[in-house]
Amino acid sequence: ENQGGILSKLVNAINSSGSIGEEFFTRLNHGGQVTFFAPCNAAWDNDLALNALIRDPQKFKDVLEMHLIVDDKLYVEKIIKNSQIRRSLRKRAAYPTPTLNKRQNLYFNVVTVGKNRTVTVEGGGVNATVLQADLAATNGIIHVIDRVLGVPYTTILDKLELDNMLNDTFQLGMRKGFNNNLNDTSRKFTYFVPSDKAWKEASIRMPSTRKVLFMPEYANHATNILERHLVVSDAPYTMERMKLLSNESFQNNKFRREIELPSIRGGPLRLYVEERFDHSLVIHWNGEKIPVSRPDVECTNGVIHIIDMPFLQESDIKINGAPIILLTNQVFMLAVATWLII
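Residues numbered from 1 in each chain as written. Predicted model: local features only at pLDDT ≥ 70, side-chain atom pairs only at ≥ 80, totals over all residues. Heavy atoms only, no water.

Trainee: Give a description of the pairing of strand 1 (residues 34-39) that names residues and reports values.
Mentor: The element strand 1 is extensively covered by neighbouring structure, given that six of its six residues are classed as buried. Pairing geometry for strand 1 and strand 7 (residues 140-145), over six bridges, is parallel. What sits directly across from Phe37, in strand 7, is His143. Sheet topology places strand 1 next to strand 2 (residues 68-70); three bridges connect them, and they run antiparallel. Across the sheet, residue Phe36 finds its bridge partner in strand 2, namely Leu68. (Buried < 20%, exposed > 50% of the residue type's maximum accessible area, 1.4 Å probe, protein only. Helix = DSSP H or I, 4+ residues; strand = E, 2+ residues; numbered from the N terminus. Pairing = 2+ DSSP bridges.)

Trainee: Explain the pairing of strand 12 (residues 281-285) to me, using residue names and the numbers behind them.
Mentor: Counting buried residues in strand 12 gives five out of five residues, a clear majority hidden from the surface. Here strand 12 shows a buried face lined by Leu281, Ile283 and Trp285 and a second buried face lined by Val282 and His284. Where strand 11 (residues 268-275) lies against strand 12, four bridges are found, and the strand directions are antiparallel. Counterpart to Tyr272 in the pairing with strand 12 is His284. In this structure, the hairpin formed by strand 11 and strand 12 is closed by a connection of five residues, where His279 is found at a positive phi of approximately 75°. With four bridges joining them, strand 12 and strand 13 (residues 288-299) adopt antiparallel strand pairing.

In structure tokens:
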């Protein structure tokens, strides 16, 4: 890009990174067919985290590589087609695509309103909008985006509020002030966040439990369950960290893989992480195998792992061993009987 062009700050940042930049440009020029998500000039303005990023060569390399998809020309039409296929299969609209950074996938979503459509891409917890799409080059295409991926700028609370696939968990946390925890930047959190799809699946598997959980009068129970999903520690528990801890537990505790994480609820959250042959991740909790939709979504005060089923049991919605719905009916009948006697 010429000086002052829409990508000139990106080019300057890469040029100033020395051998890392040279290696990246070589990969762009000679790496076969590629798709490059290029942050525009405005994405680099007035951000201390971005300035620190440029001064950290290894981190800058990781972030750069997160913006590049190799061996695939990913036009917007292809992104839309993939999204439609996943919807038809009842899978989430956001789908993972590997990048040059082997530890990070990109996730895409397309929102159509009338004739207008918006394409977003998420990487490392940052959600960016495609401003200019399908810019053709001899060996691939460029999409200009409005943020630098992999450099978080939101708290966990902001991320939940902005992500349209996490509405149910966000709304559930609005009760009893639970969400206030998620804006605290003095602590580090790991939040296992059920997606909207997860709550929908829960309504099929446990219809009464899920229905009661979203009733305003049972906000205390909802808060207790959300607390089970939230871990507080000195450093966030990434998927890689949990896999390593699970392997250590397997070796040291007579083949027991479970690890204990300090949930905000007070008691430990017991689980272990399995990486399958296709590199998908599954959390084993309480006998359940819970797929991880989007791991390691970075925020300024921790990480989010988006999961396809909540940490929820039928027994969670009971008082003194009786299901809440049944108990509510009993209380109602008792009140009616008392009124008739009076």
